[in-house]
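Here is what each chain is made of, one letter per residue.
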Amino acid sequence: MIEFRPYRDGDEVAITELFSTVFGRPMSIDFWRWRFLDHPSRDPMIMLAFDGDTLVGNYAASQAPLSLHGEVHPACLSMTTMTHPDWRGQKLFERTAEALYETLPSRGKCAIYGFPNIVSHTLFRSKVGWDDYYDVPTLTLDIASLRHPAQPDPAVQMVERIDARFGRFFAKIAGDLPIAPHRDSDILAWRIDRNPENTYTRFVLEEGDEISGYALTKAYGADMLDLVELRAASGAAARALINTVAAHAASSGRTRIATWCLPNDLHRLPLEMAGFKASAPVTYFGGRTFTPLPADLTDGRLWRLSMLDSDLY
């Protein structure tokens, strides 16, 4: 008899052990606690399936509020789903998902969204009621192909920490973003500064005492740089940040830069003008809505996404 219940303090030991069994690699408890317990909004959203004392299934979501034209709506990011190999064939994925989803509206969550991999994509669509929102291409810049080396903009500076300017900047531009994962300084500081495994570089375009844009990057492999987030108030601001990131990547021996940017985003044209081209890999993106919203989440044209919205970057 399978019992479904929410996470309780101390379950992380069994959860990380199940992760190792299912995926064949470890997940540290420190990383797990950072991802699911330490978000500024708290309130972990994790449903567990037990057969007796054995944890056999897990569906975990992380806090990920949405900004709809500047109005914040509590939502969550679909994260780790896993079934113990000895209990497969019992529909634990959909049963655990529905057990979690049943709790979300009463906890004030309007929607869940995320980036299924090629294996789970069809399951999310066919078994738990997800809609496809967009297939997200990777935009890649081959630095060696540039006819002229990128030049850094003197107004763009690197900073050591996320500060209050980041949150004030997002609040300033949020009204122009139809649908975007919400950013404030606390969320960015948690995601960037306190990440226990990844190290990021922070670029800001200064404008007096404030900023008119920022870029966040992370090294990947021996020669790739991921531009995990680009936010700018204008095309000119975006170009200043892109050129500075490209110049910094070249000087650091990186040969390629990868990023995400959907077609209707303000930053798409500046990225293409800088030499970024759509390529593989393509990432599935979708979700499920629980309560009426003032914007249609299924309309991919409305979304403004970055790599930082995925747990993989």
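Check the entry above for the structure.
Here we summarise the structure given alongside this text. Owing to the predicted nature of the structure, the values given are computational and were not obtained by experimental measurement.

Rules used in this analysis
- Residues numbered from 1 in each chain as written.
- Predicted model: local features only at pLDDT ≥ 70, side-chain atom pairs only at ≥ 80, totals over all residues.
- Heavy atoms only, no water.
- Pairing = 2+ DSSP bridges.
- Helix = DSSP H or I, 4+ residues; strand = E, 2+ residues; numbered from the N terminus.
- Axes fitted to C-alpha atoms, helices over the stretch in contact; angles between N-to-C directions.
- Contact = heavy atoms within 4.5 Å.
- Parallel < 35°, antiparallel > 145°, perpendicular 65-115°, else oblique.
- Nonpolar A, V, L, I, M, F, W, Y, C, P; charged D, E, K, R; others polar.
- Salt bridge = Lys/Arg side-chain N within 4 Å of Asp/Glu carboxyl O.
- Buried < 20%, exposed > 50% of the residue type's maximum accessible area, 1.4 Å probe, protein only.
- Phe/Tyr/Trp six-rings, centres within 6.5 Å; stacked < 30°, edge-to-face > 60°.
- Right-handed = clockwise from strand over helix to strand, strands pointing away.

## Describing the sheet that holds strand E9 (residues 156–159)
- Spatially, the 12 strands line up as an open sheet ordered E1-E2-E3-E6-E7-E15-E8-E14-E13-E12-E11-E9, and their pairing is mixed. Edge strands, defined here as strands with exactly one partner in the open sheet, are strand E1 (2–6) and E9. The average angle at which neighbouring strand axes cross in this sheet is 25°, direction not considered.
- The strands touched by helix H5 (residues 164–173) are E9, strand E11 (201–207), strand E12 (210–220) and strand E13 (224–232); relative to E12, the strand with the most contacts, the crossing angle is about 110°.
- Strands in contact with helix H6 (residues 185–193) are strand E3 (54–63), E11, E12 and E13; relative to E12, the strand with the most contacts, it is inclined by about 25°.

## Details of the packing of helix H1 (residues 12–23) against helix H2 (residues 29–36)
- As a packed pair, H1 and H2 sit with axes 10 Å apart at the nearest point and diverge in direction by 110°. Comparing their axes, H2 and H1 come out roughly perpendicular. On the side of H1, the interface is formed by Glu 12, Val 13, Ile 15 and Thr 16, while H2 contributes Ile 29, Trp 32 and Arg 33.
- Of the residues in the contact of H1 with H2, the class split is 4 nonpolar, 1 polar and 2 charged.

## Focus on the pattern of salt bridges
- Summed over the entire model, instances satisfying the criterion amount to 17 salt bridges.
- Here Asp 132 makes a salt bridge to Arg 125, at a shortest N to O gap of 2.7 Å.
- For Arg 125, a relative accessible area of 43% translates into the label partly exposed.
- Asp 299 is the salt-bridge partner of Arg 301, the closest N and O atoms lying 2.9 Å from each other.
- The exposure class of Asp 299 is buried, given its relative accessible area of 18%.
- The structure contains a network of salt bridges with shared partners spanning Asp 43, Arg 107 and Lys 109.

## Side note on the pairing of E13
- Within E13, 9 of the 9 residues are buried, which leaves it mostly tucked inside the rest of the structure.
- Here E12 pairs with E13 via 8 bridges, running antiparallel. Across the sheet, the residue bridging to Tyr 214 is Arg 231, located in E13.
- Taken together, E12 and the strand that follows it, E13, pair antiparallel across an intervening segment of 3 residues, in which Gly 221 is found at a positive phi of about 65°.
- Where E13 meets strand E14 (residues 256–259), 4 bridges bridge the pair, whose relative direction is parallel.

## Looking at the packing of aromatic side chains
- With the rule as written, the count across this model stands at 21 aromatic pairs.
- On the numbers, 5.6 Å between centres and 75° between planes, the contact of Tyr 59 with Tyr 101 is edge-to-face. Of this pair, Tyr 59 sits in strand E3 while Tyr 101 sits in helix H3 (residues 92–101), placing them 42 residues apart in sequence. Comparing Tyr 59 with Tyr 101 shows no difference in burial state: the two are buried.
- Through a chain of ring-to-ring contacts, the aromatic side chains of Tyr 113, Phe 115, Tyr 133, Trp 260, Phe 285, Trp 303 and Tyr 313 assemble into a single cluster.

## Side note on the pairing of strand E7 (residues 111–114)
- Both faces of E7 are covered, namely the face carrying Ala 111 and Tyr 113 and the face carrying Ile 112 and Gly 114.
- Inspection of the sheet shows strand E6 (residues 76–83) paired to E7 by 2 bridges, in the parallel sense. Residue pairing for E7: Leu 77 is matched across the bridge by Tyr 113.
- Read as a crossover between parallel neighbours, the route from E6 over H3 to E7 is right-handed.
- In terms of strand pairing, E7 meets strand E15 (residues 277–289) through 4 bridges, oriented antiparallel. When the sheet's bridge partners are listed, Ile 112 is paired in E15 with Arg 288.

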